[in-house]
Amino acid sequence: MATEVPEQVPADEIKSMSIADSESQDQPASSSSPSVPLSLDERYNLLRSIAEECIQEDELKNLLDKKGEPICYDGFEPSGRMHIAQGVLKAINVNKMIAAGCRVKIWIADWFAQLNNKMGGDLNKIETVGKYFIEIWRSVGMNLDSGKVEFLWSSKEINARSHEYWPRVMDIARKNKLSRIIRCSQIMGRTDQEELTAAQILYPCMQCADIFFLQADICQLGMDQRKVNVLAREYCDDIKKKNKPIILSHHMLPGLQQGQEKMSKSDLSSSIFMEDEEAEVNTKIKKAYCPPEQVEGNPCLEYVQYLIFPWFHEFTVECSEKNGGYRTFKEFEELSAAYAKGEVHPGDLKPSLAKALNRILEPVRSHFKNDKAAKQLLQSVKNYRVTR
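Cut-offs and rules
- Sequence order as written defines the numbering, with residues in each chain counted from 1.
- Local features in this predicted model are restricted to residues whose pLDDT is 70 or higher, and side-chain atom pairs enter the listing and the counts only when it is 80 or higher, whereas totals over whole chains, interfaces and linings include all residues.
- Computation of side-chain values covers all heavy atoms of the structure but excludes hydrogens and water.
- In DSSP terms, a helix is any run of H or I states spanning at least four residues, a strand is any run of E spanning at least two, and both are numbered starting from the N terminus.
- A simple rule labels every residue: compare its accessible area, found with a 1.4 Å probe on the protein chains alone, to the largest value its type can have, and call it buried under 20%, exposed over 50%, or partly exposed in between.
- We call two residues in contact whenever any of their non-hydrogen atoms come within 4.5 Å of each other.
- Geometry is summarised by axes, namely lines fitted to C-alpha atoms with helices restricted to the contacting stretch, and by angles between N-to-C directions that run from 0 to 180 degrees.
- An angle below 35 degrees is treated as roughly parallel, one above 145 as roughly antiparallel, one from 65 to 115 as roughly perpendicular, and anything else as oblique.
- Side-chain classes follow a simple rule in which Ala, Val, Leu, Ile, Met, Phe, Trp, Tyr, Cys and Pro form the nonpolar group, Asp, Glu, Lys and Arg form the charged group, and the remainder, Gly included, forms the polar group.
- How far a helix is expected to stretch is found by multiplying one less than its residue total by 1.5 Å.
- Throughout, the arc means that of the directions going from the helix axis to the C-beta atoms.
- Identification of polar contacts relies on pairs of N or O atoms within 3.5 Å, with a donor-acceptor requirement for protein atoms, meaning one able to donate a hydrogen and the other able to accept it, and with residues adjacent in sequence counted only if both atoms are side-chain atoms.
- Values of pLDDT, ranging from 0 to 100, describe the predictor's confidence in every residue of the model.
- Being paired, for any two strands, means DSSP has found at least two bridges between them.
- We define a salt bridge as a side-chain nitrogen of Lys or Arg found within 4 Å of a carboxyl oxygen belonging to Asp or Glu.
- Here a crossing is taken to be left-handed if its near helix is turned anticlockwise relative to the far helix by less than a right angle, and right-handed if that turn runs clockwise.
- As used here, the term nonpolar core means buried Ala, Val, Leu, Ile, Met, Phe, Trp, Tyr and Cys residues forming a set that is joined through side-chain atoms within 4.5 Å.
- Here, the term right-handed applies to a crossover whose path from the first strand over the helix to the second runs clockwise when the strands point away from the viewer.

Novice: I would appreciate a short explanation of the environment of Trp-137 in the present structure.
Specialist: You can see Trp-137 is positioned in helix 6 (residues 123-140). Residue Trp-137 is classed as buried on the basis of its relative accessible area of 0%. Linking Trp-137 and Met-82, residues 55 residues apart in sequence, is a C-alpha distance of 9.9 Å. If we ignore the near neighbours within four places in the chain, the residues touching Trp-137 are Phe-76, Met-82, Gln-86, Gly-87, Lys-90, Met-142 and Phe-151.

Novice: Explanation requested: the packing of helix 15 (residues 346-370) against helix 16 (residues 372-383) in the structure shown.
Specialist: Relative orientation and spacing of two packed helices are given, respectively, by the angle between their axes and the distance between those axes. Two numbers describe how helix 15 lies on helix 16: the axes approach to 5 Å, and their chain directions differ by 100°. The angle between helix 15 and helix 16 falls in the class roughly perpendicular. The residues of helix 16 that touch helix 15, namely those facing His-367, Phe-368, Lys-369 and Asn-370, are Lys-372, Ala-374, Lys-375 and Leu-378. Here the contact of helix 15 with helix 16 is built from residues that sort into three nonpolar, two polar and three charged.

Novice: Got a minute to help me understand helix 16 in this structure?
Specialist: In an α-helix, one turn spans 3.6 residues, which is why side chains three or four residues apart end up on the same side. With twelve residues, helix 16 ought to run about 16 Å at 1.5 Å a step, and its terminal C-alpha atoms sit 17 Å apart, in line with that. Buried within helix 16 are the following residues: Ala-373, Ala-374, Leu-377, Leu-378, Ser-380 and Val-381. Buried residues of helix 16, viewed axially, fall in a sector of 155°; they line one side. Exposed positions of helix 16 whose direction lies more than 90 degrees from the buried face are Lys-372 and Lys-375. Capping the start of helix 16 is the job of one residue whose side-chain oxygen sits 3.1 Å from the backbone nitrogen of Ala-373: Asp-371.

Novice: I would appreciate a short explanation of the confidence of the model for the protein chain in the present structure.
Specialist: Detailed reading of the predicted model is not advised wherever pLDDT is low. Looking at the protein chain as a whole, the pLDDT averages 87, with 87% of positions reaching at least 70. Scored below 50 in pLDDT, residues 1-25 shows 46 contacts in the model against residues more than four places distant or in partner chains.

Novice: Help me understand the sheet that holds strand 5 (residues 218-222) in this model?
Specialist: Where strands meet in a sheet, backbone hydrogen bonds hold them as pairs that are either parallel or antiparallel. Spatial ordering of the open sheet is given by 1-6-5-2-3-4, a layout of six strands whose pairing is mixed. Of all strands in the sheet, those bounded by a partner on one side alone are strand 1 (53-55) and strand 4 (149-153). Strand-to-strand twist across the sheet, computed as the mean angle between neighbouring axes with direction ignored, equals 20°. Bridging between strand 1 and strand 6 (residues 246-250) involves three bridges; their strand directions are antiparallel. Following the sheet pairing, Cys-54 is matched in strand 6 by Leu-248. In the packing of helix 11 (residues 226-238) onto the sheet, contacts are made with strand 1, strand 5 and strand 6, and the angle to strand 6 comes to roughly 175°.

Novice: Sorry if this is basic, but what is going on with the environment of Leu-152 here?
Specialist: Assignment of secondary structure puts Leu-152 in strand 4. Sequence separation between Leu-152 and Ala-109 is 43 residues, and the spatial gap between their C-alpha atoms is 8.4 Å. Setting aside chain neighbours within four positions, we find Leu-152 in contact with Lys-105, Ile-106, Trp-107, Ile-108, Glu-157 and Leu-214.

Novice: Would you take a moment to explain the side chain of Ser-271 for this structure?
Specialist: If you trace the backbone, Ser-271 turns up in the loop between strand 6 and helix 12 (278-287). What Ser-271 contacts, discounting residues up to four positions off in sequence, is His-83, Leu-256, Met-263, Ser-264, Lys-265, Asp-276 and Lys-284.

Novice: How should helix 3 (residues 57-66) be read in this particular structure?
Specialist: Residues of helix 3 that are buried include every one of Leu-60, Leu-63 and Leu-64, and no others. Buried residues of helix 3, seen end-on, are gathered within an arc of 95° and therefore sit on one face of the element. Among the exposed residues of helix 3, those oriented more than 90 degrees off its buried face are Asp-58 and Lys-66. In this fold, the buried residues of helix 3 make contact with helix 2 (40-48), strand 1, strand 5 and strand 6.

Novice: What's the story with the pattern of salt bridges in this structure? I'm lost.
Specialist: Should the charged atoms of two oppositely charged side chains come close, the side chains can pair. Counted according to the given criterion, the structure contains 25 salt bridges. Glu-275 serves as the salt-bridge partner of Arg-81, at 2.7 Å between the closest nitrogen and oxygen. Of this pair, Arg-81 sits in the loop between strand 2 (71-76) and helix 4 (84-99) while Glu-275 sits in the loop between strand 6 and helix 12; the two residues are 194 residues apart in sequence, bridging distant segments of the chain. We note that Arg-81, like Glu-275, is buried. Two residues, Lys-330 and Glu-314, come together in a salt bridge whose shortest N-O distance is 2.5 Å. Pair noted here: Lys-330 is in the loop between strand 8 (327-329) and helix 14 (332-340) and Glu-314 is in the loop between helix 13 (299-312) and strand 7 (315-317), with a separation of 16 residues, a long-range link. Owing to a relative accessible area of 30%, Glu-314 belongs among the partly exposed residues under this scheme. A single network of salt bridges, built from pairs that share partners, joins Arg-81, Glu-275, Asp-276 and Lys-284.

Novice: Mind showing me how you'd approach the packing of helix 4 against helix 13 here?
Specialist: Interaxial distance between helix 4 and helix 13 falls to 10 Å at its minimum, and their mutual angle equals 35°. Our pair here, helix 4 against helix 13, has a crossing hand that is left-handed. Judged by residue contacts, Ile-84, Val-88, Leu-89 and Ile-92 of helix 4 engage Tyr-306, Leu-307, Pro-310 and Trp-311 from helix 13.

Novice: I tried to follow the nonpolar core on my own but got confused; where do I start?
Specialist: Across soluble globular proteins, nonpolar side chains have a tendency to be buried as a group. Core analysis: the largest hydrophobic core is formed by 83 residues, its most contacted members being Leu-47, Tyr-132, Ile-308, Leu-335 and Leu-349. Among all residues touching Leu-335, those that are not within four sequence positions of it are Leu-301, Val-304, Phe-309, Phe-315, Val-317, Phe-329, Val-344 and Leu-349. Membership of the second largest hydrophobic core comes to 28 residues, among which are Ile-172, Leu-221, Ala-232 and Cys-236.

Novice: How do you make sense of the pairing of strand 6 when you look at a structure like this?
Specialist: The side chains of a regular strand alternate, residue by residue, between the two faces of the sheet. With five of five residues buried, strand 6 is to be regarded as a mostly interior element. Of the strand pairs in this sheet, strand 5 and strand 6 are connected by five bridges, and their pairing is parallel. Bridge pairing in strand 6 places Cys-219 opposite Ile-247. Considered for its hand, the β-α-β crossover made up of strand 5, helix 11 and strand 6 is right-handed.

Right, dumping it as structure tokens:
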């Protein structure tokens, strides 16, 4: 059972929470829409830079050419404290989508979290976590003032248009074998070898239906969601739908320790959380796996590549004068080459990374310390037990 908390945050207080100054110098460069309209190629390149994989590139370019404001879909299960892979990376990607002229629908998958037994299946706790997530993105610099980002609660939207939603779910279920649906279990953080509940069999059919329900042109989720997005494209063949959803799958940031493929909310040693104190960030990075002269499989270098460079467009390694002094890199390839040659040592890389991460996280920490309702909301989330 999940731990009870003494008091829930009133909904009206959630709505009135203040947010960090959007003009802060430490906000991502892509946090505001460009004053000069981007060309087709510039819009394409900006969206393509989000993804480790794009299915299909020619379809993406054609979509941008034919549709002025494509709809991008992302979604999340409210399932505990937010780590930097979910907080910082999503803010970067959403801001890029807005700058490329897209509208972004973020699906707050509360029913899905319940199906997947997050927060012990308690919808009240799941809702509290969802509100906490939104406050994180506001305070870190996601461009919510643009009017181009819409947060939609799955339970409310599905109930309001159930006559559209459930026939689609049923049709997807009818057109696919059980084995095909089970192969999508990765989207829930599970494997196809696990014994799944009936609810977890329903989940992929519903997530596939979400894409059509939200009229999404682009699915922008992590590589771990790839299989269900491909299922949606296959379903388009089944129903003879010409315009398939384009898949932009972003890279999954690894955990802090060796061999951890991604950050885990249930394993505190694997993650940096969005409201971690400066000292906690410093300690976690200091203990992180960072083998000298090894670029592949080095989580510290991946954080620099996928978080620091997109945010600041440069990275400064602070060395002593004896070891060459300060050195600023403008491209990740330049840094990785220097690291592979031993010109940059883990003992210099790590504190420089921690300093940059703390610059990004400081507005979040400040918000949750100084805003009474936000502070209470965070305490509620911290008191919940993470369930799998």
